[in-house]
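Okay, here's what each chain looks like letter by letter:
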Amino acid sequence: MKPIGVGVVGLGLMGRVHIESYAAANLAGEWCRLIAVSDRNSSRFDGRARSGGNMQADVGGQLLFDPSVVATSTDPHDVFANSAVDLVSICTPTDTHVDLAIRALRAGKHVLVEKPVSLDPNEIRRLAIVARETKRLCMPAMCMRFWPGWSWLFDAVRDGRYGAIVSASFQRLGARPTWGEGFYSDPRRSGGALFDLHIHDVDFVRALFGEPNAVTATGSVDHVTTLYHFADRPAHVTTEGGWDPSPDFAFRMRYIVKFERASAAFDSRRDLPLEITPRTASSPVDRIEGTGYDFEIRHVLKSVREGMSSTETTLNDAERVTHILIAERESLEQRVERSVL
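An account of the accompanying structure is given in this report. Predicted model, so just to flag it, every value in this text is computed and none were measured.

### As for the overall build of the protein chain
Next, step 1: Looking only at helices and strands, the protein chain has 10 helices and 14 strands in total.
Next, step 2: Overall, the protein chain is about 55 × 50 × 45 Å in size when its C-alpha atoms are taken along their principal axes.
Next, step 3: A burial count over the protein chain gives 53% of its 341 residues as buried.
Next, step 4: Excluding contacts between residues fewer than 6 apart, the proportion of contacts in the protein chain whose partners are at least 24 apart in sequence is 71%.
Next, step 5: In the form shown here, the protein chain has an accessible surface area of approximately 15000 Å², with 49% of it arising from carbon and sulfur atoms.
Next, step 6: Looking at the protein chain, you have 40 positive and 44 negative side-chain charges, and the mean spots of the two groups are 2 Å apart.

Rendered as structure tokens:
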């Protein structure tokens, strides 16, 4: 079986994560091979990981790829023009995503584009039009749909094993990113923690419960708590997401979901992150292995290999989540409940 040729544009933190996940996918049997990479900083072409990131341990110096066999270029066009590349990961700053993804699609490549796809839903719609025209997959990297413990929750809600949900709360906190050459400190480009971090839980809430009618948010774009209003869903659905100014603040993500017949709690800082009460024979008790990045990459590789016409997460999902985030930002600014368009 011919390996899927992979290109990665952007060798910062997320580029590193994608390269590691492609390598793990290959070992797991989703045959792929890193063909080409691009970054405007040529010092990254030695193939070694740089320190940095609020979720992973320091891996400075680890060999990510062999520069003697992987093509390198400061121009992403060289990745898109490489005939051996079938799938491209776009891991650059948010305000470059759409144009780079369009260039890759028009070069005949499938695309996995990091979140947020754009701060502007009209730009996401523009990208979706090109994806349809080129008949190529373009998947937004909404990794929480695939994260062990979170994908379990999604399945538990869908099959109703514990009854209906009574309440659900999600929390995602981490140090303010110090990498990215000032990108994260400029909310006009990054959207602040609201778009860069909090987006994961907004996407997951929407996947579980559908479109909220309105939102009530408090805090700021860098630390927000939001209540979601649904016509026929639980009355208590909240999220909290934010950046702590201290670089020593350890990343954590949590949820507590109360069903009619059980409660589920996830805490990324526990050795056994997922706890179900009352415990039953069917409750998951094993250590959770792998990350959402790993399973997200395996999903897009499988989708490309099997010629699927869509993926688990879509550009329509990304567009709708962006509308919710915009409503949350307006609620923060105006201190009122805001309808979701």
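### Here we look at the sheet that holds strand β1 (residues 4-9)
Next, step 1: Within the open sheet, the 6 strands sit side by side as β3-β2-β1-β4-β5-β6. Their pairing is parallel. One side of each edge strand has no neighbouring strand; the edge strands of this open sheet are β3 (71-73) and β6 (138-140). Neighbouring strand axes in the sheet, compared pairwise and without regard to direction, differ in orientation by 20° on average.
Next, step 2: With 4 bridges joining them, β1 and strand β4 (residues 87-90) adopt parallel strand pairing. Counterpart to valine 6 in the pairing with β4 is leucine 87.
Next, step 3: Against the sheet, helix α3 (residues 97-106) contacts β1, β4, β5 (110-113) and β6, and its axis sits at roughly 165° relative to β5.

### Some points on the state of the cysteines
Next, step 1: According to the stated counting rule, one finds 0 disulfides in the structure shown.
Next, step 2: You can see cysteine 138 has no disulfide; the closest cysteine sulfur is in cysteine 91, sitting 12 Å from it.
Next, step 3: Judged by its relative accessible area of 8%, cysteine 138 is buried.
Next, step 4: Looking at cysteine 143, it has no disulfide partner, and the nearest cysteine sulfur is the one in cysteine 91, 12 Å off.
Next, step 5: With a relative accessible area of 2%, cysteine 143 lands in the buried category.

### Points about the side chain of glutamate 319
Next, step 1: Secondary-structure assignment places glutamate 319 in helix α10 (residues 315-334).
Next, step 2: Apart from the residues within four sequence positions on either side, glutamate 319 is in contact with Pro121, Ile124 and Arg125.

What counts and how
Residues numbered from 1 in each chain as written. Predicted model: local features only at pLDDT ≥ 70, side-chain atom pairs only at ≥ 80, totals over all residues. Heavy atoms only, no water. Helix = DSSP H or I, 4+ residues; strand = E, 2+ residues; numbered from the N terminus. Buried < 20%, exposed > 50% of the residue type's maximum accessible area, 1.4 Å probe, protein only. Contact = heavy atoms within 4.5 Å. Areas by Shrake-Rupley, 256 points an atom, 1.4 Å probe, with all protein chains shown as cover. Lys, Arg positive; Asp, Glu negative; His and termini not counted. Charge placed at Lys NZ, Arg CZ, Asp CG, Glu CD. Pairing = 2+ DSSP bridges. Axes fitted to C-alpha atoms, helices over the stretch in contact; angles between N-to-C directions. Disulfide = S-S within 2.5 Å.

Purely geometric numbers; function is a separate question.
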